[in-house]
Amino acid sequence: MKCLKQVGLLNIDGYYDCLLGLFDKGVEEGFIRHSARHIVISAQTAGELIKKMEEYEPLHDKVAPSQSWDVKDCKLAKS
């Protein structure tokens, strides 16, 4: 199953720079896969953002493996 949706941020005057930096740091530290980071698209103008979103090509099959969301494996889950 491919995730064909992307997230678009209209980053006027660098409003989302800190958030994007957090994502980039997560990739650098190994907490976020590059392919998952790629789903977040930013631009300074609406026209540029729309163009980038239209040209988007996914780099991944899925963002997170399904087993990473399986609550039954969590030690805190009630039996």
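Before reading further, recall that the structure is shown in the block above.
Now for a look at the structure at hand. No experiment lies behind these values; they were computed from the predicted model shown. (Residues numbered from 1 in each chain as written. Predicted model: local features only at pLDDT ≥ 70, side-chain atom pairs only at ≥ 80, totals over all residues. Heavy atoms only, no water.)

Let's talk about the side chain of Arg37
For Arg37, the location among the structural elements is in helix 2 (residues 34–37). Residue classification places Arg37 among the buried positions, given a relative accessible area of 15%. Residues in contact with Arg37, not counting those within four places in the same chain, are Leu20, Phe23, Asp24, Val27 and Ile32. (Helix = DSSP H or I, 4+ residues; strand = E, 2+ residues; numbered from the N terminus. Buried < 20%, exposed > 50% of the residue type's maximum accessible area, 1.4 Å probe, protein only. Contact = heavy atoms within 4.5 Å.)

Quick look at the environment of Asp17
Within the element layout of this structure, Asp17 appears in helix 1 (residues 17–28). It is 9.4 Å that separates the C-alpha atoms of Asp17 and Ser42, two residues lying 25 residues apart in sequence.

Here's the deal with the nonpolar core
Of all hydrophobic cores here, the largest spans eight residues; its members are Leu9, Leu20, Ile39, Val40, Ile41, Ala43, Leu49 and Tyr56. Ranked by residue count, the leading element in this core is strand 2 (residues 40–43), at three residues. Excluding anything up to four places from it in sequence, Ile41 contacts Gln6, Val7, Gly8, Leu9, Leu49, Lys52, Met53 and Tyr56. (Core = buried A, V, L, I, M, F, W, Y, C linked by side-chain atoms within 4.5 Å.)

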